[in-house]
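# Residue-level structure breakdown
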Amino acid sequence: MGKLLAKLHTVLVLWCLWLADGSDAEYLRYKDPKQPLYVRVRDLMGRMTLEEKIGQMTQIEKSVASQDIINKYHIGSVLFGGGSAPAPQASAQTWMDMADDFQKGALSDRLGIPIIIGIDAIHGHNTVYNATIFPHNVGLGVTRQVHHVYIERIRSLSKGSELQPLLKSGRLEFLTRLLLVCRDPRWGRCFESYSEDHKIVQSMTEIIPGLQGDIPANYLSNFPYVDGRTKVAGCAKHFVGDGGTIDGIDEYNTVTDWDSLRNIHMAAYLDSIRKGVATVMVSYSSWNGKKMHANYNLITGYLKNKLKFRGFVISDSEGIDRITTPPRANYTYSVQAAIHAGIDMILVPENFTELIDTLTLLVKRNVISMSRIDDAVERILRVKFIMGLFENSMADFTLVNQLGSQEHRELAREAVRRSLVLLKNGENGDVPLIPLPKKAKKILVAGSHANDIGNQCGGWTIEWHGLSGNITIGTTILAAVKNTVDPQTEVVYHENPDKEFMNSNSFSYAIVAVGELPYSETVGDSMNLTIAKPGYDTITNVCQAIKCVVIIISGRPVVIQPYLPLIDALVAAWLPGTEGQGVADVLFGDYGFTGKLARTWFRTVDQLPMNVGDPHYDPLFPFGFGLTTTPRDMKESQ
C-alpha cells in the first residue's frame, strides 16, 4: 500500500509540474490554420464576451490609438487616414513600426485577435512620402485598358508591390474608391470616379483581383477572398448612389427610381462581390431622402440577403453621426439605426468610448439583438481569418525598399501617357502643333501647375485634401520638358507672364499648364467649375502672343469654351500624379495620344447634369472623344 501511495504521489507531483510548465495549455481551435474557416470563427466567437465583440466592431483613428487603448477596448481596426503620417516625410519602415506597435496591443489581449489596419490609398500609397502616385481614377477610366497587359501590370504591381512594405504584414484593408459613378462633375469627389458610364466602372472592378488575388476555381461564390500575405482586403465604396446626388452636392440626396439606382449605381457592386471583394463602405448620401447609413432595405435586404455578400460592411468616418440633422442630435438613435441597418464595423473615428458604451447599453436593454452583434462579428472575423492575420500579424520588412522604386514609377508614367486626352490639335486644315519639336531656339513653359507636384497630384496626396508645392518626390511637367527637349533648346519658365513679358520675348511655342488646386470631398464641390486664378489670364496672355499647348490639370471637366479659339492644342491631363514625364512623352511624340473621354465635357455649367444618352446632350467634347497622334519614330519609318 505504501509503495502504491508513493507512486501516486510521484504521478501527482509530475502532473502538477506539467501544469505549472504550461504543457497542458488548452488547444485553441481558432488558432489552428488547419481547421476549416467556419470552425475557427465559431470557436473564437464562443469564447468572446459582449465587450470583446463590440470592440471588434469598432474602428478608431491612429491619432487616438495606442497599445493600451487597443488592448483595453479590444479594438478591431485602426485607420491610417489621409494626413496620418507618423512624422513628416516618414519612411516606409517608420510606418511599419507604427503598425506593429498597435498590433502588439491587440495580440497581448486575452484572445489575441489581430487588428486590421485601414489605409486610405486612393492612387498609390498616397499618404507615404516618396510613394509612387498614380493618376486618379478620373484618368485611369480614360485608358479603357482593362484587358490589356497594362491593367494586368497595374493590378499586380502598382496595387501590389508598391504597397508591399505594408502589405507583407498581411493586415491591410485598402480603402480605395472602386465603384463611384459620378453623374455630375460639380461633385467634389468626381476625380475618384472612373467614369459617368457604369459600364466602364464595372470593367475597372478588375482591379479587385489585383488587390486581393485571383479567386481559385470552385471557390465559394460571393465570398471574400484575399490571397495571403502579399495581398490586401479591398473596400468597395460608397454604397450606394453617392455619385448621383442633386447638383453634385457631396453627402446629399440621390433622387432616382429603383431601376436607375440598380442599373447605374449598383451594377458594379455585383461585379465586385463576384470577384470576392472583402468589405463594403456605406455612403454618407441618401436615396430618396433615406440616409444610406440607416437603410436596412439596401444594406441588409439587398446587399447581404439578395446579393449574398459575405464580407463585412463598414461605415464612413462619423457616418452614423450624420444619420440625424444636425449630426449627433440623437447619438443613441444613430447607433441603433446603423447597426440595425446592417453596418458591421463603425469608423468612429475618435469618440470610441461613447460608441462602445452606447452599443453595449442597447444590447443589454434588448434594443439590438445579440444575433445582430454575432452576425457583424462573424463577418469581421471571417475576413480576418481569410486575410491570414492570425498566422501573419506582424510586418515583414523584406520589401521595405520597394516603395517608390523605378519600376513602379515607370508603370505610373505609362499610366499617365494612356490617361491623357488630346481635345484639340490645330484648327481644321492647319498643321497640327503636336507632336512638338524637341529642337527649337527658345520655348516657354508657363502656368501654376507646370512646376508643382502637389497641384499635379491633387487631393488625397500626403494630406487628406492634398497640398500645393513640392510635397513629395516626383517629376513636374517643367522638369519633364527639360528632360525631353534637345540640349540646345532654351527652356524659359514663367508662372504667369504678362503681355509685356510676352511682347519682349520671342518663343517658338509655349506649354501652359493650369487647372484646379488640390481638394477632396465637400471642399471640392463647385457650382462654377472654373480653374484656379490666374489660369485664364495666363492662357490669354500667352496664347494671344504665340502658338500654345494648354494642359488642363483637373479632377473633372472645367470651363474652357470661351478660351478655346485662343488655344492651338488642348490636353486634358486630369490629375496625373508624380510621374509628369508621361506628359512630355506624348507632347513630344515619343508616344502617341490614345485616350478617350470617359466623361462628357460640357459647354457651360448650366447644362449640368449632362451625361451621354441624355435627351438634351450637347457637349463641347462628347463622351468617347479623343484625338490621336502617331509616335514620331513611326512617322519617320513610314
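Refer to the structure above for everything that follows.
Residues numbered from 1 in each chain as written. Predicted model: local features only at pLDDT ≥ 70, side-chain atom pairs only at ≥ 80, totals over all residues. Heavy atoms only, no water.

### Side note on helix H15 (residues 370-387)
Look at H15: 26 Å from first C-alpha to last across 18 residues, which is about the 26 Å you get at 1.5 Å a residue. Within H15, 13 of the 18 residues are buried, which leaves the element mostly enclosed by the surrounding structure. Once H15 finishes, glycine 388 follows within two positions and takes phi at roughly 80 degrees, a positive value. (Helix = DSSP H or I, 4+ residues; strand = E, 2+ residues; numbered from the N terminus. Expected span 1.5 Å × (residues − 1). Buried < 20%, exposed > 50% of the residue type's maximum accessible area, 1.4 Å probe, protein only.)

### Some thoughts on the state of the cysteines
What the rule picks out here adds up to two disulfides. The side chain of cysteine 182 participates in a disulfide bridge whose partner is cysteine 190; the two sulfur atoms lie 2.1 Å from each other. As the torsion about the S-S bond is roughly -105 degrees, the cysteine 182-cysteine 190 disulfide counts as left-handed. One exposure class covers both cysteine 182 and cysteine 190, and it is buried. Two residues share a disulfide in this structure: cysteine 543 and cysteine 548, whose sulfurs sit 2.1 Å from each other. Measuring handedness by torsion sign, the sulfur bridge of cysteine 543 and cysteine 548 sits at about 110 degrees and is right-handed. The same class applies to cysteine 543 as to cysteine 548, namely buried. (Disulfide = S-S within 2.5 Å.)

### With respect to the packing of helix H13 (residues 331-341) against helix H14 (residues 352-364)
The contact between H13 and H14 brings their axes to 10 Å, and the two run at 70 degrees. Viewed along their axes, H13 and H14 adopt a mutual orientation that is roughly perpendicular. In this structure, H13 uses Tyr331, Thr332, Val335, Gln336 and Ile339 to contact H14, whose residues at the interface are Glu354, Leu355, Thr358, Leu359 and Leu362. (Axes fitted to C-alpha atoms, helices over the stretch in contact; angles between N-to-C directions. Parallel < 35°, antiparallel > 145°, perpendicular 65-115°, else oblique. Contact = heavy atoms within 4.5 Å.)

### Here we look at unusual backbone geometry
For the peptide bond that leads from phenylalanine 239 to valine 240, omega is -10 degrees, which places it in the cis range. The topology assignment puts valine 240 in the loop between strand E5 (233-239) and strand E6 (253-254). Despite not being glycine, glutamate 521 has its phi angle at roughly 50 degrees, a positive value. Summarising the element assignment, glutamate 521 is placed in the loop between strand E15 (510-515) and helix H20 (535-543). Looking at glutamate 521, the relative accessible area reads 10%, which means it is buried.

### Here we look at the layout of surface pockets
Its boundaries defined by the atoms lining it, the largest pocket holds a volume of some 490 Å³. The space that makes up the second largest pocket amounts to roughly 270 Å³. Considering the residues around the second largest pocket, the lining is formed by 17 residues, among which Arg183, Gly244, Val255, Thr256 and Pro609 are closest to the centre. Ranked by residues supplied to the lining of the second largest pocket, first place goes to helix H11 (residues 258-274) with three residues. A breakdown of the residues in the lining of the second largest pocket according to their chemical character gives five nonpolar, eight polar and four charged. (1 Å grid on protein atoms, 1.4 Å probe; cavity = no way out; pocket = protein on both sides within 12 Å on 5 of 7 lines; lining within 4 Å. Points joined across faces, edges and corners; volume = space filled by probe spheres on them. Nonpolar A, V, L, I, M, F, W, Y, C, P; charged D, E, K, R; others polar.)

### Remarks on the packing of H11 against helix H12 (residues 296-306)
Orientation of H11 relative to H12, taken along the N-to-C sense of each, is 55 degrees, at an axis distance of 12 Å. In terms of orientation, H11 lies oblique with respect to H12. Where H11 crosses over H12, the two elements pack in a sense that is right-handed. Facing H11, whose interface residues are Trp258, Leu261, Arg262, Met266, Leu270 and Ile273, H12 presents Leu298, Tyr302 and Leu303. Residue composition of the contact of H11 with H12, grouped by class: eight nonpolar, no polar and one charged. (Left-handed = near helix turned anticlockwise from the far one by under 90°.)

### A look at the pairing of strand E12 (residues 421-425)
Judged by how many residues are buried, E12 sits mostly within the fold: five of five residues are covered. Looking at chain direction, E12 and strand E17 (residues 569-574) are connected through four bridges and run antiparallel. By the bridge assignment, leucine 422 is partnered in E17 with valine 571. (Pairing = 2+ DSSP bridges.)

### With respect to the nonpolar core
Counting residues in hydrophobic clusters, the biggest one holds 110 residues, and the most contacted among them are Leu44, Val78, Phe80, Phe239, Leu298 and Leu359. At nine residues, the largest contribution of residues to this core is made by H15. Residues within four places of phenylalanine 239 in sequence aside, it is in contact with Met266, Tyr269, Val280, Met281, Val282, Ser283, Met292, Leu298, Ile299 and Leu303. Within the second largest apolar cluster, 74 residues are counted, among which are Leu423, Tyr509, Val571 and Met610. (Core = buried A, V, L, I, M, F, W, Y, C linked by side-chain atoms within 4.5 Å.)

### Side note on the packing of aromatic side chains
In this structure the tally under the stated criterion is 16 aromatic pairs. Taking 6.2 Å as the distance between ring centres and 65 degrees as the angle between the ring planes, the aromatic pair formed by tyrosine 219 and phenylalanine 223 counts as edge-to-face. On the basis of relative accessible area, tyrosine 219 is assigned to the partly exposed category, the value being 26%. Relative to tyrosine 302, the ring of tryptophan 258 lies with its centre 5.1 Å away and its plane at 80 degrees, an arrangement referred to as edge-to-face. With tryptophan 258 in helix H11 and tyrosine 302 in helix H12, this pair connects stretches of sequence that are 44 residues apart. On the accessibility criterion, tryptophan 258 (28% relative accessible area) is partly exposed. What links up through ring pairs into an aromatic cluster is the set Tyr30, Phe385 and Phe390. One cation-aromatic arrangement involves arginine 328 over tyrosine 331; the distance from NZ or CZ to the ring centre is 4.6 Å. Positioned over the ring face of tyrosine 591 is arginine 417, at 3.8 Å from the centre of the ring. (Phe/Tyr/Trp six-rings, centres within 6.5 Å; stacked < 30°, edge-to-face > 60°. Lys NZ or Arg CZ within 6 Å of the ring centre and 35° of its normal.)

### Looking at the pattern of salt bridges
Evaluated as defined, the whole model comprises 32 salt bridges. Salt-bridge contacts for arginine 328 lead to aspartate 321; the nearest nitrogen and oxygen are separated by 2.9 Å. Ionic pairing is found between aspartate 585 and arginine 413, a salt bridge with its closest N-O pair at 2.7 Å. Taken together, the positions of aspartate 585 in helix H21 (residues 581-587) and arginine 413 in helix H16 (residues 406-419) put the pair 172 residues apart, joining distant regions of the chain. Since its relative accessible area comes to 2%, aspartate 585 is described here as buried. For arginine 413, a relative accessible area of 22% gives the class partly exposed. Several salt bridges converge on common partners, so that one network encompasses Lys304, Asp344, Arg372, Asp375 and Arg379. (Salt bridge = Lys/Arg side-chain N within 4 Å of Asp/Glu carboxyl O.)

### With respect to the sheet that holds E17
The strand order across the open sheet formed by six strands is E12-E17-E16-E15-E13-E14, and the pairing between neighbours is mixed. Whereas interior strands pair on both sides, the edge strands pair on one side only; in this sheet they are E12 and strand E14 (490-494). With strand direction ignored, the average angle separating the axes of adjacent strands in the sheet is 20 degrees. For strand E16 (residues 548-553) and E17, the ladder comprises five bridges, and the chain directions are parallel. By the bridge assignment for E17, isoleucine 551 is matched with valine 571. On the sheet, helix H18 (residues 477-484) packs against strand E13 (442-446), E14, E15 and E16 and is oriented at approximately 170 degrees with respect to E14.

Note that all results are geometric; they support no functional claim without further evidence.
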